[in-house]
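So the chains spell out like this:
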Amino acid sequence: MDLGLAGKRCLVTGSTGGIGLETARLLVAEGARVVTSGRRGSPGIGETAHVAADLSQAGEPERAVSVAVEALSGLDVLVNNVGIARQARFEDVADDEWDAYWQLNVMSYVRAIRAALPLLRDGGGAVVNVSSTAGKRPSTGMPHYSVTKAAVLSLSRLVADLYAKDGIRCNAVTPGPTATDAWLGEGGLADQQGDRESVLAKVVAGRPLGRLARPEEIAAVIVFLCSEQASYVTGAAWSADGGTVPIII
């Protein structure tokens, strides 16, 4: 299937590893021109440019968009993927950590979308925001992550409603636990909950498909939503969670 992405100009945030990296790779494989972004250096996947940035800081998402626009001579697709999560009890999360999560998990998306809008309006464009199953059904072990990811769902629907008349589509993807460093890396979400093997066995048992997602499986959904094949899809929150959330929303 031709996804109609050849030559499309794309910015993918949080794309030096995990889901974002696989998304950038798949977009490039489909013929898109991709600018990557993250706190680390370039992942070296043939992108036109890379923006090293801390997108939790005001001005940095706008700079990332500006660099992408300059490198690509415009912008057709924005994928907001950057984010942070950790295990914590609700009563133990201090105000400054709530603020930090809000700035990265929500405001980086707001700022990037706001900066991209004039470019996306030029010929219609696509925004895909990576949320989480925790945005649909809060994880009691990740309270501030859950609340910010729910905000991403609301933001996605808002942008879809506001800018449909301009030909801009905006959708969200809600992955479940995925085999990335966020879960499997040293000190990651699995380690934070106790014995790694026991934790992962419990997590896997909670998925109807009986395993963690592979990052490329989530990337495939994101890239489809970026594509011309999804030209009539907007305002949706696509579950890619192995059946984790047992309701249809």
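Below, the structure is looked at part by part.

Comments concerning the pairing of strand β4 (residues 77-80)
- Both faces of β4 are covered, namely the face carrying Val77 and Val79 and the face carrying Leu78 and Asn80.
- In terms of strand pairing, strand β1 (residues 9-12) meets β4 through 3 bridges, oriented parallel. Its bridge partner being in β4, valine 12 is matched across the sheet by valine 79.
- Once the chain exits β4 it traverses helix α3 (residues 95-123) before rejoining the sheet at strand β5 (residues 125-130), and the crossover so formed is right-handed.

Details of the pattern of salt bridges
- Summed over all chains, the structure comprises 14 salt bridges.
- Glutamate 91 is paired through a salt bridge with arginine 89; the nearest N and O atoms lie 3.2 Å apart.
- In this structure, glutamate 216 engages arginine 214 in a salt bridge whose closest nitrogen and oxygen atoms are separated by 3.4 Å.
- Since its relative accessible area comes to 37%, glutamate 216 is described here as partly exposed.
- Residue arginine 214 is classed as partly exposed on the basis of its relative accessible area of 40%.
- One connected set of salt bridges, linked through shared partners, spans Arg211, Arg214, Glu216 and Glu217.

Focus on the sheet that holds strand β7 (residues 237-240)
- With parallel pairing, 7 strands are arranged side by side in an open sheet as β3-β2-β1-β4-β5-β6-β7. Of all the strands in the sheet, just β3 (49-52) and β7 have a single pairing partner and so form its edges. Going from strand to strand, the sheet's axes swing by 15 degrees on average, the running direction of each strand aside.
- Across the sheet, helix α2 (residues 60-72) touches β1, β2 (33-38) and β3, and the angle it forms with β2 is around 155 degrees.
- Each of β5, β6 (168-175) and β7 is contacted by helix α5 (residues 143-163), which is oriented at about 160 degrees to β6, the strand it contacts most.

Considerations on the packing of α2 against α3
- Interaxial distance between α2 and α3 falls to 8 Å at its minimum, and their mutual angle equals 35 degrees. Note that α2 runs across α3; the crossing there is right-handed. Seen from α2, the contacting residues are Pro61, Glu62, Val65 and Val69; seen from α3, they are Ser108, Arg111, Ala112, Arg114, Ala115, Ala116 and Leu119.

Some words on the nonpolar core
- Counting residues in each nonpolar core, the largest one holds 56 residues, and the members touching the most others are Leu11, Leu27, Leu75, Val173 and Ile222.
- Per element, the largest residue contribution to this core is 7 residues, and it comes from α3.
- Sequence-distant contacts of valine 173, that is, excluding residues within four places in its chain, are made with Val128, Asn129, Val130, Ser131, Ser132, Ile218, Val221, Ile222, Leu225, Trp238 and Ala240.
- Counting residues in each nonpolar core, the second largest holds 5 residues, with Tyr101, Ala134, Met142 and Tyr145 among its members.

Let's talk about the packing of aromatic side chains
- According to the stated counting rule, one finds 2 aromatic pairs in the structure shown.
- Taking the centre distance of 6.2 Å and the plane angle of 75 degrees together, the rings of phenylalanine 90 and tryptophan 98 count as edge-to-face.
- Take phenylalanine 90: its relative accessible area is 58%, and that puts it in the exposed class.
- Residue tryptophan 98 is classed as partly exposed on the basis of its relative accessible area of 23%.
- Measuring from centroid to centroid gives 5.5 Å for phenylalanine 224 and tryptophan 238, while their planes differ by 45 degrees, and the two rings are tilted. In this pair, phenylalanine 224 sits in helix α9 (residues 215-226) while tryptophan 238 sits in strand β7, placing the two residues 14 residues apart along the sequence.
- For phenylalanine 224, a relative accessible area of 24% translates into the label partly exposed.

Scoring rules and cut-offs
- Residues numbered from 1 in each chain as written.
- Predicted model: local features only at pLDDT ≥ 70, side-chain atom pairs only at ≥ 80, totals over all residues.
- Heavy atoms only, no water.
- Buried < 20%, exposed > 50% of the residue type's maximum accessible area, 1.4 Å probe, protein only.
- Helix = DSSP H or I, 4+ residues; strand = E, 2+ residues; numbered from the N terminus.
- Pairing = 2+ DSSP bridges.
- Right-handed = clockwise from strand over helix to strand, strands pointing away.
- Salt bridge = Lys/Arg side-chain N within 4 Å of Asp/Glu carboxyl O.
- Axes fitted to C-alpha atoms, helices over the stretch in contact; angles between N-to-C directions.
- Contact = heavy atoms within 4.5 Å.
- Left-handed = near helix turned anticlockwise from the far one by under 90°.
- Core = buried A, V, L, I, M, F, W, Y, C linked by side-chain atoms within 4.5 Å.
- Phe/Tyr/Trp six-rings, centres within 6.5 Å; stacked < 30°, edge-to-face > 60°.

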